[in-house]
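Chain by chain, the residues:
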Amino acid sequence: MKVLLTGTAGASGRPEPGCRCVSCATPPPDRRRPFGFVVDGVVTYPFRDLPDGYRPCAGGLGLACPDGTRLLHLPRGASVPVQETSRYDVVLIDLLDRPERLGELRRAGLADAATTVVAVGLDHRIRSEEELAGRLRLWGAITVPDGTEVTPGQGAAPLTPLTPLTPLRALLLGGSRSGKSAEAEARLAAEPHVTYVATGPDGTGDGEWAARVRAHRERRPAHWATVETTALAAAIRAATTPLLIDGLGTWLAAVFDEHGAWEGDRAPVIARCDELVAAWRQTPQPLVAVSDEVGMGVVPATASGRAFRDALGRLNERLAAESEYVALVVAGRVLAL
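These numbers come from a predicted model, not from an experiment.

Quick notes on the environment of arginine 106
At step 1: Turning to its location among the elements, arginine 106 is positioned in helix α2 (residues 100–107).
At step 2: Separated by 19 residues in sequence, arginine 106 and arginine 87 have C-alpha atoms that sit 9.1 Å apart.

Considering the packing of helix α7 (residues 248–258) against helix α8 (residues 267–281)
At step 1: Put simply, α7 and α8 touch, their axes get as near as 10 Å, and they point 140° apart. By the angle between their axes, α7 is oblique relative to α8. Handedness of the α7/α8 crossing: right-handed. Between α7 and α8, the contacting residues are Leu248, Trp251, Leu252, Val255, Phe256 and Glu258 on the first element and Val269, Arg272, Cys273 and Leu276 on the second.
At step 2: Among the residues making up the contact of α7 with α8, the classes are represented as eight nonpolar, no polar and two charged.

Let's talk about the sheet that holds strand β15 (residues 325–330)
At step 1: Taken together, the seven strands give an open sheet; going across it, the order is β12-β11-β13-β14-β10-β15-β16, and neighbouring strands pair in mixed fashion. Looking at the sheet topology across the chains shown, the edges are occupied by β12 (225–228) and β16 (333–336). The average undirected angle you get between the axes of adjacent strands in this sheet is 20°.
At step 2: Where strand β11 (residues 195–198) meets β12, four bridges bridge the pair, whose relative direction is parallel. The residue of β12 that forms the bridge with alanine 198 is glutamate 228.

Some points on the side chain of aspartate 97
At step 1: Mapped onto the elements, aspartate 97 comes out in the loop between β7 (90–93) and α2.
At step 2: Those residues in contact with aspartate 97 that sit more than four places away from it in its chain are Pro75, Arg76, Gly77 and Arg125.

Observations regarding the pairing of strand β8 (residues 116–119)
Taken residue by residue, a regular strand's side chains alternate between the two faces of the sheet.
At step 1: Side chains Thr116 and Val118 of β8 all project onto a buried face; the interleaved residues Val117 and Ala119 project onto the opposite face, where all are buried too.
At step 2: Two strands pair when backbone bridges link them, and β7 and β8 are joined in this way by four bridges, in the parallel orientation. Its bridge partner being in β8, isoleucine 93 is matched across the sheet by alanine 119.

A look at the packing of α7 against helix α9 (residues 303–321)
At step 1: Running from N to C, α7 and α9 cross one another at 130°; their axes reach a closest spacing of 10 Å. On the basis of the axis angle, α7 is oblique to α9. You can see that α7 and α9 cross each other, and the crossing is right-handed. Where α7 approaches α9, its residues Leu248, Gly249, Trp251, Leu252, Ala253 and Phe256 are matched on the opposing element by Ala307, Phe308, Ala311, Leu312, Leu315, Asn316 and Leu319.
At step 2: Here the residues of the contact of α7 with α9 sort into eleven nonpolar, two polar and no charged.

Quick notes on unusual backbone geometry
Residues apart from glycine generally show negative phi values, whereas peptide bonds are mostly found in trans.
At step 1: Omega for the peptide link from arginine 14 to proline 15 comes to 0°, which places this bond in the cis form.
At step 2: You can see proline 15 is positioned in the loop between β1 (3–7) and α1 (22–25).
At step 3: Omega for the peptide link from aspartate 246 to glycine 247 comes to -5°, which places this bond in the cis form.
At step 4: Here glycine 247 shows up in the loop between β13 (243–246) and α7.
At step 5: Non-glycine residue aspartate 49 carries a positive phi angle of around 50°.
At step 6: Tracing the backbone shows aspartate 49 in the loop between β3 (43–44) and β4 (55–57).
At step 7: Phi at arginine 177 is positive, roughly 60°, even though this residue is not glycine.
At step 8: By the element assignment, arginine 177 lies in the loop between β10 (169–174) and α4 (180–187).

Calculation criteria
- Residues numbered from 1 in each chain as written.
- Predicted model: local features only at pLDDT ≥ 70, side-chain atom pairs only at ≥ 80, totals over all residues.
- Heavy atoms only, no water.
- Helix = DSSP H or I, 4+ residues; strand = E, 2+ residues; numbered from the N terminus.
- Axes fitted to C-alpha atoms, helices over the stretch in contact; angles between N-to-C directions.
- Parallel < 35°, antiparallel > 145°, perpendicular 65-115°, else oblique.
- Left-handed = near helix turned anticlockwise from the far one by under 90°.
- Contact = heavy atoms within 4.5 Å.
- Nonpolar A, V, L, I, M, F, W, Y, C, P; charged D, E, K, R; others polar.
- Pairing = 2+ DSSP bridges.
- Buried < 20%, exposed > 50% of the residue type's maximum accessible area, 1.4 Å probe, protein only.

Shown next as structure tokens:
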């Protein structure tokens with residue numbers, strides 16, 4: 001199979017004519033043409049009037065070729081063809097629309113380390129080519145210039161087989177509503193298996209907090225597992241899938257509560273933090289954790305508030321020292337530290 005990508009953008013190309021958004025105002029050096037492709041020089045999408053030996057699959061989104069190779073195009077809004085059982089050699093997917101669909105494909109065995117995953121439908125939903133490149137490295141996908149021919153197992157750029165998330169440990173810091181949780185979720189979006197470790201209360205009796213919890217649940221991919229616990233060290237040691245921990249601030253507040261440390265002895269809190277750092281250092285699985293950056297705000301008026309701020313600041317510092325990747329998220333922008 002040879003797939004010639006005649007265009008890799010959305011229906012209007014990139015930049016979009018007449019659009020003055022930040023993405024279209026700073027377009028890639030080479031304009032991206034509207035999406036289109038040709039297979040083996042004889043088949044175009046949508047798949048109609050197929051030559052002998054070619055047959056549609058996945059409800060018309062896929063194509064089986066005479067040589068046994070298979071291609072899937074997953075455009076914006078399309079669902080993963082979970083009824084399929086055979087893997088695809090090439091996947092052309094709009095990764096700006098629910099990137100977790102790639103995780104679903106991998107979870108179902110429809111894409112694996114040898115599958116060439118190419119991002120298409122590239123429009124002004126992405127702010128810059130640099131941001132796109134960073135996302136694709138995390139997701140195990142590539143992008144190619146218009147007019148590029150792609151074959152199974154090979155792309156225009158060196159193709160890295162799907163590997164566990166790199167880096168192994170990532171710590172994302174930020175203030176309230178900074179976008180840190182959404183960034184953490186995006187980092188793991190293409191993984192086939194993820195365990196979301198929720199450390200905060202479920203919101204029972206607190207309508208505002210319950211609404212926050214509900215929004216987080218609705219945003220997460222449906223195939224992710226969820227564990228609600230404050231036993232973080234144990235959860236890390238027992239992990240069999242990548243972990244997303246959200247977040248360390250609510251965990252530490254719960255630990256303060258459990259040990260009555262707001263006004264009493266804080267030695268048990270220090271011990272729990274030591275245990276967490278030790279587990280973090282030896283994690284058997286990739287993990288991404290979200291924490292609050294507490295050193296930039298107003299100094300708390302109470303001794304207990306200051307004790308919590310200092311304890312979380314020290315914990316952030318210790319975990320950052322044991323992490324391959326640390327970033328500060330401000331207004332949805334990620335600043336690597």
